[in-house]
Amino acid sequence: THKFWETQPVGQFKDIGDTSLPEGPIELATPLSEVKQEPYNLPSVYEWTTCDMASDDICSEVYNLLRSNYVEDDENMFRFNYSKEFLRWALRPPGYYQSWHIGVRAKTNKKLVAFISGVPARIRVRDEVVKMDEINFLCVHKKLRSKRLAPVMIKEVTRRVHLENIWQAAYTAGVVLPTPITTCQYWHRSLNPKKLIDVGFSRLGARMTMSRTIKLYKLPEAPVTPGFRKMELLDVPAVTRLLRNYLSQFGVATDFDENDVEHWLLPREDVVDSYLVESPETHDVTDFCSFYTLPSTILGNPNYTTLKAAYSYYNVATQTSFLQLMNDALIVSKQKGFDVFNALDVMHNESFLKELKFGPGDGQLHYYLYNYRLRSALKPSELGLVLL
Ligand code: YNC
Ligand code: MG
């Protein structure tokens, strides 16, 4: 049972398959004057703080909390290590609200012990574009787990989102909650197989030697598609058109405008990389691929501290084959020193995963909407949304 989630406007397990329920908001918006004006109560030894991510000191505090306490794999071998620059990028998109970057401090020593954040986004569900809050980086210090702090933090961020007249949210989690709109799987493509095996991220296959494995994953030195190059500022309008057109086919997808594309997809060193194909003849932008940088700390390995991982973001192929486009993405990520390239089975990604030698991971990623019911769950390939 889910004592907290049963009280929230989310699809409930008991309603699965009930097609009489309407698609759309579960609860109506209320007048802003009816939104609770004071913060929720925390246990008396803690206090709320709003985190100014533009401040180096605050950003470092959030970074350090997450570096030591955020998401680990099931075997506790790796922990996400989002960089400070990444956190700034993720939390300060166009129109962001500082009030949605919420920390909890211990009153005695002012230490940051928990965090949750939201950023505004437009997400299209079928034919409807809905203003939503994307929730991420929910984290409670390891020593304060299982004390029901998370529900208070979720209620507080919800209150602050409501104060901005926004009533829906999207989020992902590795845990099953009421109820996923879809469940996706991560796939991993080895770029540096020796290191991945040494740190226990992958295993040597049956009847495989290290040298045969290295040969199996070897890639060309440089991308092969003529006109393949890094995205630049002047490409924003063309990339926006390409992406909007591509994303229009999915049941749930991000609704990107040019401002969003400039923020989310223009390359930022060690944060996000984007490449496109400019036709050598017509100079049209015909294809696009992108990935973000999210290293993981390797826990308790004497030889290595960090796993360098690239995560597939948004990709569109119209003239180049999806296979060749993504192979070029693998080639540039290898050149940049990544150890592994990860991708979810969302959008059309299935069409390249196996052929490009990605292997399925063990963890699953569940996608959720808050206060928005879908009549039925989606297939991962019907989802055009990647959260960080
Ligand atoms: C989770 N990940 O089920 P029930 S993902 C949501 N997302 O409630 P306590 C979660 N809910 O089942 P702990 C959750 N994990 O009794 C647990 N819960 O109804 C629920 N881990 O609270 C859980 N980060 O405080 C249960 O648990 C209740 O001390 C238990 O804290 C949980 O960012 C957590 O995986 C996750 O730091 C903070 O374990 C802690 O264990 C931790 O006793 C490592 O909580 C890091 C980690 C989660 C990454 C993420 C997305 C979060 C989405 C939150 C929901 C947003 C809803 C929309 C709000 C805006 C709405 C508008 C408009
Ligand atoms: Mg707790």
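Everything numeric here is computed off the predicted structure, so don't read it as measured data.

Got a minute to help me understand the environment of Pro193 in this structure?
Summarising the element assignment, Pro193 is placed in helix α4 (residues 193-198). Note on Pro193: relative accessible area 7%, which makes it buried. Put simply, Pro193 and Pro178 are 15 residues apart on the chain and 37 Å apart in space, counted from C-alpha to C-alpha. When residues no more than four places from it in sequence are discounted, the contact partners of Pro193 are Thr213, Ile214 and Tyr217.

Looking at this structure, how should I read a nonpolar patch on the surface?
On the surface, a cluster of nonpolar side chains totalling about 290 Å² of accessible area is made up of Phe13, Ile16 and Val176. Tracing the backbone shows Ile16 in the segment before β1 (46-50). Of the residues examined, Ile16 reaches a relative accessible area of 60% and is grouped as exposed.

Please explain the sheet that holds strand β13 (residues 306-307) as it appears in this structure.
Within a sheet, adjacent strands bond to each other through the backbone by hydrogen bonds, running parallel or antiparallel. Strands sit in the order β2-β12-β13 across an open sheet of three strands; the sheet is antiparallel. Of all strands in the sheet, those with a lone pairing partner are β2 (78-80) and β13, marking the two edges. Strand contacts of helix α1 (residues 56-69): β2 and β12 (296-298), with the helix running at about 155° to β2, the strand carrying the most contacts.

Explain the packing of α1 against helix α2 (residues 84-91) here, please?
Each pair of packed helices gets described by two things: the angle between the helix axes and the distance between those axes. Following both chains from N to C, one finds α1 and α2 inclined at 105°, their axes separated by 9 Å at the closest point. The orientation of α1 with respect to α2, classified from their angle, is roughly perpendicular. Contacts between α1 and α2 involve Asp56, Cys59, Ser60, Val62, Tyr63 and Leu66 on the former and, on the latter, Lys84, Leu87 and Arg88.

Explain the layout of surface pockets to me, please; I cannot follow it from the model alone.
In this approach, a probe sized like a water molecule rolls over the atoms, and the result shows the empty space that is left. When its volume is computed, the second largest pocket comes out at roughly 460 Å³. Among the elements of the structure, α2, β4 (112-125), β5 (128-140) and α7 (258-265) are those that each provide at least two residues to the lining of the second largest pocket. Counted by class, the lining of the second largest pocket contains 20 nonpolar, six polar and six charged residues. When residues of the lining of the second largest pocket are sorted by domain, at least three fall in each of domain 1 (5-175) and domain 2 (183-384).

Any chance you could explain the site of ligand 1 here in plain terms?
Surveying the vicinity of ligand 1 reveals 33 residues, the closest of which are His2, Phe4, Trp5, Leu138 and Ser146. At 3.4 Å from an oxygen atom of ligand 1 is found a main-chain nitrogen or oxygen belonging to Lys3. Alone, ligand 1 offers 1,200 Å² of accessible surface; in the complex the protein occludes 88% of this. Of all the elements in the fold, those that place two or more residues in the shell around ligand 1 are β5, α3 (149-162) and β6 (168-173). The class makeup of the residues in the shell around ligand 1 is 20 nonpolar, eight polar and five charged.

When you look at the packing of aromatic side chains in this model, what are you seeing that I'm missing?
The way to describe two aromatic rings as a pair is by their centre distance and the angle between their planes. Tallied over the entire structure, the rule returns 29 aromatic pairs. Ring plane angle 65° and centroid distance 5.7 Å describe the contact between Phe86 and Tyr292, whose orientation is recorded as edge-to-face. Here the residue Phe86 occupies a position in helix α2, and Tyr292 occupies one in strand β11 (residues 285-293), the gap between them amounting to 206 residues. Each member of the pair, Phe86 as well as Tyr292, carries the same accessibility label: buried. Centroid distance Trp89 to Tyr313: 6.2 Å. Interplanar angle 70°. Geometry classified as edge-to-face. With Trp89 in helix α2 and Tyr313 in the loop between β14 (309-312) and β15 (316-317), this pair connects stretches of sequence that are 224 residues apart. Of the two residues examined, Trp89 and Tyr313, each falls in the buried class.

I would appreciate a short explanation of the domain arrangement of the protein chain in the present structure.
Size of an interface, as often reported, equals the accessible area lost when the parts are brought together. Looking at the protein chain, the domain boundaries give domain 1 (5-175) and domain 2 (183-384). Taking only C-alpha atoms into account, the centre of domain 1 sits 26 Å from that of domain 2. Listed as interface residues are 49 residues of domain 1 and, on the opposing side, 48 residues of domain 2. Summing both partners gives a buried area of about 4,400 Å² for domain 1 against domain 2, and 56% of it is carried by carbon and sulfur.

Can you walk me through the pattern of salt bridges in this structure?
Pairing of side chains with opposite charge becomes possible as their charged atoms draw close. Within this structure, the stated rule accounts for 20 salt bridges. Notably, a salt bridge pairs Arg79 with Glu72, separated by 2.8 Å at the nearest N-O pair. For Arg79, a relative accessible area of 12% puts it in the buried group. Among the ionic pairs, Glu85 bridges to Arg88, the shortest N-O distance being 3.1 Å. Residue Glu85 and its partner Arg88 are both found in helix α2; the two are separated by three residues, about one turn of the helix. Take Glu85: its relative accessible area is 45%, and that puts it in the partly exposed class.

Whenever I open this one, the packing of helix α6 (residues 236-247) against α7 confuses me. Can you help?
Interaxial distance between α6 and α7 falls to 9 Å at its minimum, and their mutual angle equals 100°. Here α7 runs roughly perpendicular to α6, going by the angle between their axes. On the side of α6, the interface is formed by Val236, Pro237, Val239, Thr240 and Leu243, while α7 contributes Glu258, Val261, Glu262 and Leu265. Class assignment of the residues belonging to the contact of α6 with α7 gives a composition of six nonpolar, one polar and two charged.

Looking at this structure, how should I read empty space enclosed by the protein?
For the structure shown, the criterion picks out one cavity of 30 Å³ or more. In this model, the largest cavity occupies a volume close to 40 Å³. Together, Tyr186, Tyr292, Tyr311, Ser312, Asn342, Ala343, Leu344 and Val386 line the largest cavity. For the lining of the largest cavity, the secondary-structure elements that each account for two or more residues are β14 and β16 (340-344). If you tally residues by element for the lining of the largest cavity, the top one is β16, at three residues. Here the lining of the largest cavity is composed, by residue class, of six nonpolar, two polar and no charged.

The rules behind the values
- Residues numbered from 1 in each chain as written.
- Chains lettered and ligands numbered in written order.
- Predicted model: local features only at pLDDT ≥ 70, side-chain atom pairs only at ≥ 80, totals over all residues.
- Heavy atoms only, no water.
- Helix = DSSP H or I, 4+ residues; strand = E, 2+ residues; numbered from the N terminus.
- Buried < 20%, exposed > 50% of the residue type's maximum accessible area, 1.4 Å probe, protein only.
- Contact = heavy atoms within 4.5 Å.
- Patch = residues over 30% accessible without salt bridge, like charges linked within 9 Å, V, L, I, M, F, W, Y side chains within 5 Å.
- Areas by Shrake-Rupley, 256 points an atom, 1.4 Å probe, with all protein chains shown as cover.
- Salt bridge = Lys/Arg side-chain N within 4 Å of Asp/Glu carboxyl O.
- Pairing = 2+ DSSP bridges.
- Axes fitted to C-alpha atoms, helices over the stretch in contact; angles between N-to-C directions.
- Parallel < 35°, antiparallel > 145°, perpendicular 65-115°, else oblique.
- 1 Å grid on protein atoms, 1.4 Å probe; cavity = no way out; pocket = protein on both sides within 12 Å on 5 of 7 lines; lining within 4 Å.
- Points joined across faces, edges and corners; volume = space filled by probe spheres on them.
- Nonpolar A, V, L, I, M, F, W, Y, C, P; charged D, E, K, R; others polar.
- Domains from an automatic or database assignment.
- Near = heavy atom within 4 Å.
- Polar contact = N/O pair within 3.5 Å; in protein donor to acceptor, adjacent residues only side chain to side chain.
- Phe/Tyr/Trp six-rings, centres within 6.5 Å; stacked < 30°, edge-to-face > 60°.
- Buried area = accessible area lost by both parts, 1.4 Å probe.

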